[in-house]
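Chain residues, written in single-letter form:
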Amino acid sequence: MQKVLTGLQPTGELTIGNYIGSIKQMIELQNDYDSYIFIADLHAITLPQQPEVLKKRIREVLALYIACGIDPEKNTIYVQSENEYIPCISWLLECNTYYGEASRMIQFKEKSKKNANFSVGLLTYPILMAADILYLDTDYVPVGIDQKQHVEIARDIADRFNKTYGETFHLPQPLIRNSGAKIKDLKDPTKKMSKSSENPNSSIRLLDPPEKIRKKIMAATTDSESSIHYDPEKKPGISNLLTICSVFSNQSISDLENQFKGKNYGEFKRYVADVLCEKLSEIQTKYEQLLNSNQLDEICEKGIQKARELAKEKYELMKDKMGLIRK
Ligand code: AMP
Ligand code: TRP
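Right, let's walk through the structure included here. Computed from a prediction, not measured in an experiment: that's the story for all the values here.

Let us now look at the nonpolar core. If you look at the biggest cluster of nonpolar residues, it comprises 61 residues, and the most contacted ones within it are Ile16, Ile23, Tyr65, Phe248, Leu276 and Leu280. The greatest single-element share of this core, amounting to twelve residues, is contributed by helix α12 (residues 265-291). Per-domain counts for this core show at least three residues from each of domain 1 (3-181 + 294-322) and domain 2 (210-287). In contact with Leu280, not counting residues within four places along its chain, are Ile16, Ile204, Arg205, Leu206, Ile213 and Phe248.

This brings us to the packing of aromatic side chains. For the structure shown, the criterion picks out nine aromatic pairs. Aromatic pair Phe161 and Tyr165: ring centres 4.6 Å apart, planes at 45°, arrangement tilted. Residue Phe161 and its partner Tyr165 are both found in helix α8 (residues 148-165); the two are separated by four residues, about one turn of the helix. In this structure Tyr165 comes out as partly exposed when scored by relative accessible area, which is 27%. Chaining the aromatic ring pairs together yields one cluster made of Phe161, Tyr165 and Phe169. In this structure, Lys263 packs its charged tip against the face of Phe260, placed 5.9 Å from the ring centre.

The subject of this paragraph is helix α9 (residues 210-218). Residues Ile213, Lys216 and Ile217 constitute the buried set of α9. The arc enclosing the buried residues of α9, seen along the axis, measures out at 95°, which places them on a common side. Across α9 from its buried face, at more than 90 degrees, point the exposed residues Glu211 and Lys215. Where the residues of α9 are buried, they touch α10 (236-249) and α12.

Our next topic: the site of ligand 1. Around ligand 1 sit 17 residues, and of these Asn18, Gly144, Asp146, Ile183 and Met193 come closest. Gly17 has a polar backbone atom sitting 3.2 Å from a nitrogen atom of ligand 1. A distance of 2.8 Å is found between an oxygen atom of ligand 1 and a backbone nitrogen or oxygen belonging to Gly144. With the chains in place, 93% of the 480 Å² that ligand 1 exposes on its own is no longer accessible.

Regions of empty space are outlined by a rolling probe, equal in size to a water molecule, passed over the atoms. On inspection of all chains with the given rule, the structure shows two cavities of 30 Å³ or more. Considered as a void within the structure, the largest cavity measures approximately 70 Å³ in volume. Residue lining of the largest cavity: Gly12, Glu13, Leu14, Arg57, Glu60, Val61, Leu64, Arg205, Leu206, Leu207 and Tyr287, and that is the complete set. Looking at the lining of the largest cavity, the element that brings in the most residues is helix α3 (residues 51-68), giving four residues. In the lining of the largest cavity, the residues fall into six nonpolar, one polar and four charged.

Turning next to the site of ligand 2. Not every one of the 14 residues close to ligand 2 is listed here, only the nearest: Gln9, Tyr125, Met129, Asp132 and Gln147. Between a nitrogen atom of ligand 2 and a side-chain N or O atom of Tyr125, the distance comes to 2.7 Å. The contact in question runs from a nitrogen atom of ligand 2 to an N or O atom on the side chain of Asp132, over 2.8 Å. Where the shell around ligand 2 is concerned, the elements lending two or more residues are β1 (3-8) and α7 (120-134). No other element matches the four residues that α7 contributes to the shell around ligand 2. In the shell around ligand 2, the residues fall into eight nonpolar, five polar and one charged.

This part takes up the pairing of strand β2 (residues 34-39). Most of β2 is tucked away, with five of its six residues classed as buried. The pairing of β1 with β2 spans six bridges and is parallel. The residue of β2 that forms the bridge with Val4 is Ser35. Note on the crossover from β1 through helix α1 (residues 16-29) to β2: the handedness is right-handed. Relative to strand β3 (residues 75-79), β2 runs parallel, the two being bridged by five bridges. Considered in β3, the bridge of Ile37 is made with Ile77.

Analysis parameters
Residues numbered from 1 in each chain as written. Chains lettered and ligands numbered in written order. Predicted model: local features only at pLDDT ≥ 70, side-chain atom pairs only at ≥ 80, totals over all residues. Heavy atoms only, no water. Core = buried A, V, L, I, M, F, W, Y, C linked by side-chain atoms within 4.5 Å. Buried < 20%, exposed > 50% of the residue type's maximum accessible area, 1.4 Å probe, protein only. Helix = DSSP H or I, 4+ residues; strand = E, 2+ residues; numbered from the N terminus. Domains from an automatic or database assignment. Contact = heavy atoms within 4.5 Å. Phe/Tyr/Trp six-rings, centres within 6.5 Å; stacked < 30°, edge-to-face > 60°. Lys NZ or Arg CZ within 6 Å of the ring centre and 35° of its normal. Arc of directions from axis to C-beta. Near = heavy atom within 4 Å. Polar contact = N/O pair within 3.5 Å; in protein donor to acceptor, adjacent residues only side chain to side chain. Areas by Shrake-Rupley, 256 points an atom, 1.4 Å probe, with all protein chains shown as cover. 1 Å grid on protein atoms, 1.4 Å probe; cavity = no way out; pocket = protein on both sides within 12 Å on 5 of 7 lines; lining within 4 Å. Points joined across faces, edges and corners; volume = space filled by probe spheres on them. Nonpolar A, V, L, I, M, F, W, Y, C, P; charged D, E, K, R; others polar. Pairing = 2+ DSSP bridges. Right-handed = clockwise from strand over helix to strand, strands pointing away.

Any functional reading would require information beyond the geometric quantities listed.
In structure tokens:
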């Protein structure tokens, strides 16, 4: 069976962008693939975090995965930092990655510009991500478009390692959805919707209460026309709402265009808000039940055992290939 794997950082409250770009894809794949999903807490600390907040978020994101529909029976679910072989593998990969290669990553350039004193971890972040992906011989990595370059570098590193030391890794591919690869900011639909955005009205969080969701959707930036059709260049705001609505209502964009022919933006926005409120309130009810249950711990214990075993095996193989052996 082919393998899919993805991770999310517990660095903020998850948005519908995370849901669409990453979680929903995993849900769609979980019946047909050997599926792995984890909390990328080691990636989170590449930027400063408050320990108490981080700890709380790790649990929240875990509960949210499952509340969204990630089935613990069909997925191996774990917390990255509990797998001590991942940083070990990452180190071996770092020594097989060029500095130039890592420093060319777009996300590194952007994040390092924003922080005067950034950590070395920000530079090696994609190599840690390569370790996450490669220990498992992952086939597909469902991500939003912003992570495509990181999956590609993982593939390059794996390919080079294989050529240098002999076949060790399977080459992974990013899996990016056609529609919804980049859900846009509600206030500035030329930018990505981000959980770290300073303006709380820019994004819908999965845990936002219905009245907040309605307010944000009604206030989303659109354009001065009045026709509801998909045109990301000329109508980025409306196109973004169409994409969001299509994912959450399981209707195609052209069906939605037909449904709202001749209707005004207000009517359309009310519908988008209804659809979102209905789906998110289901998720929120499940989330509340899970958050303080033992079930979460049982799921993670089971998940980490499997992930550790597989990572240990790959680490031993890499060491062997690289000559890191005493006898
Ligand atoms: P992050 O928020 O950076 O931890 O992202 C977690 C996952 O969600 C990654 O696969 C991202 O590519 C994806 N993602 C984040 N924001 C968006 C967005 N606005 N649209 C689509 N996917 C997203
Ligand atoms: N860097 C990813 C993000 O911010 C999270 C992540 C870490 C990841 N390791 C991964 C995603 C491996 C996919 C596969 O979104």
